[in-house]
Amino acid sequence: MKRVIIQLGTLTCPSCMQKIENAVGQQEGVDKVKILFNASKVKVDLRSDETSPDALKKVIEDLGYEVEAMKVKELA
């Protein structure tokens, strides 16, 4: 299990947040998605055998949002 923290460009509206949350949450292997609107961050817990951080980045970029940085942590 991994936690991916994705730093986005500035989110401007709650509907943007919902759009990202829905798209990322529908990916196979994603257990939990949390959007930190004011910080423009997305936290995702995922099963690394079913998806990858790069796949999540692509989903977000395909929606038209900029991914500025990404951190990946192994969860115990």
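Whatever comes next refers back to the structure up there.
Residues numbered from 1 in each chain as written. Predicted model: local features only at pLDDT ≥ 70, side-chain atom pairs only at ≥ 80, totals over all residues. Heavy atoms only, no water.

Undergrad: Could you clarify how one ought to interpret the overall build of the protein in this entry?
TA: From N to C terminus, the protein includes 2 helices and 4 strands. Starting at the N terminus and walking to the C terminus, you meet the elements of the protein as β-α-β-β-α-β. For 76 residues, the compact-globule estimate of 2.2 N^0.38 gives 11 Å, and the C-alpha radius of gyration of the protein, at 11 Å, lies within 12% of that figure. Here the C-alpha coordinates of the protein stretch approximately 35 × 20 × 15 Å along the principal axes. Residues classed as buried in the protein amount to 36% of the 76 residues present. Of all intrachain contacts in the protein linking residues separated by at least 6 positions in sequence, the fraction that spans at least 24 positions is 64%. Summing over all exposed atoms, the protein offers an accessible surface of approximately 4,600 Å²; the carbon and sulfur share of this is 45%. (Helix = DSSP H or I, 4+ residues; strand = E, 2+ residues; numbered from the N terminus. Rg over C-alpha atoms; globule rule 2.2 N^0.38 Å. Buried < 20%, exposed > 50% of the residue type's maximum accessible area, 1.4 Å probe, protein only. Contact = heavy atoms within 4.5 Å. Areas by Shrake-Rupley, 256 points an atom, 1.4 Å probe, with all protein chains shown as cover.)

Undergrad: I keep staring at the pattern of salt bridges and nothing clicks. Help me out?
TA: This model, assessed by the stated rule, comprises 5 salt bridges. When the shortest N-O distance is used, the salt bridge between Glu74 and Lys2 registers 3.9 Å. Pair noted here: Glu74 is in strand 4 (residues 67-74) and Lys2 is in strand 1 (residues 2-8), with a separation of 72 residues, a long-range link. On the basis of relative accessible area, Glu74 is assigned to the exposed category, the value being 60%. Close ionic contact of Asp45 with Arg3 constitutes a salt bridge, the shortest N to O distance being 2.7 Å. Of this pair, Asp45 sits in strand 3 (residues 41-46) while Arg3 sits in strand 1, and the two are 42 residues apart along the sequence. For Asp45, a relative accessible area of 10% puts it in the buried group. (Salt bridge = Lys/Arg side-chain N within 4 Å of Asp/Glu carboxyl O.)

Undergrad: What's the story with the nonpolar core in this structure? I'm lost.
TA: The nonpolar side chains of soluble globular proteins are, as a tendency, buried together. Judged by nonpolar contacts, the single largest core of 19 residues is most densely connected at Ile6, Leu8, Ile20, Val24, Val42 and Ile60. Considering each element in turn, this core owes the most residues, 4 residues, to helix 1 (residues 14-25). Not counting the four nearest positions on each side in its chain, Leu8 is found in contact with Ile20, Ser40, Val42, Ile60, Glu66, Val67 and Glu68. (Core = buried A, V, L, I, M, F, W, Y, C linked by side-chain atoms within 4.5 Å.)

Undergrad: What is the right way to look at helix 2 (residues 53-62) in this model?
TA: Three- or four-residue spacings in an α-helix give side chains the same orientation, since the helix completes a turn every 3.6 residues. Those residues of helix 2 lying buried are Pro53, Leu56, Val59 and Ile60. The buried residues of helix 2 all sit within an arc of 120° when viewed along its axis, so they share a single face. Residues of helix 2 that are exposed and angled more than 90 degrees away from the buried face: Asp54 and Asp62. Residues of helix 2 that are buried in the fold lie against strand 1, helix 1, strand 2 (30-36), strand 3 and strand 4. Of the residues flanking the end of helix 2, it is Gly64, one or two places downstream, whose phi is positive at about 100°. (Arc of directions from axis to C-beta.)

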